[in-house]
Amino acid sequence: MAQPLKEMIGTASVGLLADGVTAAWAPFPRDRFVAEATAGLAGLELKDRVRHVARALGGALPPAFPHAAGILREAAARVRLDMWSGWPATDHVAGHGLDHLDEAMTTLAALTPYATGEFAVRPYLDRHGEDALKIMYGWAESPDEHLRRLASEGSRPRLPWATRVRWLMEPGPTLPILDRLRDDPSEYVRRSVANHVNDIAKDHPGVAVELLGRWRSEGGSHVERVLRHAVRGLLRAGHPGGLELVGAAPGGGSVRDLVLDADRVAVGERLRFTVTLTAGSPGPLVLKYAIRRDGSRRVFHLGERRAEAADEAVTVTKSHSFRPVTTRTEPPGPRVLEIVVNGTVRASAPFTLTEAP
């Protein structure tokens, strides 16, 4: 079984951070910091562990932020930190440097090659607005791929796990960053750009469609791969502009047959179904399925096919797992399976989710 991520913040990561800070600043109370940072970690989840270690770090560093920030930058130069040892350091910057924009952003730039500062930069965007974003415009020009990625990832409108920055929810301010990085040589950076556009599409789909269309017309070595990753949310929503970007006819195709292997499935088991479709016209078929119940409708990827003729038949078999997960509960009760072809529901079938045996 894979090690839970939260356990990556532990004795080893705290010790590595302590080694770096001690190398940078001889008065650092290493033993006290390690004892305080590791005490009580076992009962905490991932982000609480990060905050716990960051609090211990704050208590051991000099209280003046510029002094502490300089030590953290030097620590990153002395010891090769990683995501788990460096994350509490970026968290310290997030909480202590808001009155020192330039010093804090310089420190995040130094730390992010080892532990991304995407969460730590959010309070600065919120407090300092365009002044912080202008610094990130400069990051987009950096020779370091980690810093270029931070320019895109840290300014995402809907960055997962991060605090929302209200003014970033409106499209426009971050477009210069995306334009600069859309054809970046690093896939690591391009994937962030695609995720950023996917965020924009959730609130402003028309803006995302126009942006991706412009990138395609301007060309580039990687534009098609970025577009296909960025358009996924638009395809899930059945947005006509998103479908047209991948060459699919909105509303095209029809379902000839939909068969469920059973009309009852228990929590923890899988629902298997087979659907046969007719293309309707040559071109791509973007296939999704949805599980609907009262107050909830979740859409999943079923597949993509390319039809060579209008009457071409396509058969797809899929099984959907109802295995319990910690992030979502599935109460027993009636459900409806929907088949979505090029953005339009073309067939549905009821079934019942029952209690686990």
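Here, every reference points to the structure presented above.
I will try to describe carefully the structure that is included in this document. Quantities reported herein were computed from a predicted structural model and do not represent experimental measurements. (Residues numbered from 1 in each chain as written. Predicted model: local features only at pLDDT ≥ 70, side-chain atom pairs only at ≥ 80, totals over all residues. Heavy atoms only, no water.)

We now examine the pattern of salt bridges. Think of it this way: side chains of opposite charge can pair up when their charged atoms draw near. For the coordinates displayed, the defined rule picks out 25 salt bridges. Put simply, E304 and R228 hold a salt bridge, and the shortest N to O gap is 2.7 Å. Note that E304 is positioned in strand β5 (residues 296-307) and R228 in helix α13 (residues 223-230), a separation of 76 residues in sequence. A residue is classified by how much of its surface remains accessible, and R228, at 36% relative accessible area, is partly exposed. A single network of salt bridges, built from pairs that share partners, joins E118, R149, E153, R156 and D199. (Salt bridge = Lys/Arg side-chain N within 4 Å of Asp/Glu carboxyl O. Helix = DSSP H or I, 4+ residues; strand = E, 2+ residues; numbered from the N terminus. Buried < 20%, exposed > 50% of the residue type's maximum accessible area, 1.4 Å probe, protein only.)

Assignment of secondary structure puts H229 in helix α13. Assessed through its relative accessible area of 17%, H229 is described here as buried. Side-chain polar atoms of H229 contact the side chain of N195, separated by 2.9 Å. If sequence neighbours within four positions are ignored, H229 has contacts with R191, A194 and N195. (Polar contact = N/O pair within 3.5 Å; in protein donor to acceptor, adjacent residues only side chain to side chain. Contact = heavy atoms within 4.5 Å.)

This brings us to the packing of aromatic side chains. Applying the stated criterion across every chain, the model contains six aromatic pairs. The interplanar angle of 65° and the centroid separation of 5.3 Å between the aromatic rings of F273 and Y289 together place this pair among those described as edge-to-face. With F273 in strand β3 (residues 270-278) and Y289 in strand β4 (residues 283-293), this residue pair connects regions lying 16 residues apart in the sequence. Across the pair, Y289 and F273 agree in class, each one buried. The interplanar angle of 25° and the centroid separation of 5.2 Å between the aromatic rings of Y289 and F300 together place this pair among those described as stacked. Residue Y289 is located in strand β4, and its partner F300 is located in strand β5; the two are separated by eleven residues in the primary sequence. The same class applies to Y289 as to F300, namely buried. Three or more aromatic residues joined by ring pairs make a cluster, and in this case those are W84, W87 and F119. Directly above the aromatic system of F119 lies the positively charged group of K47, at a separation of 5.4 Å from the ring centroid. (Phe/Tyr/Trp six-rings, centres within 6.5 Å; stacked < 30°, edge-to-face > 60°. Lys NZ or Arg CZ within 6 Å of the ring centre and 35° of its normal.)

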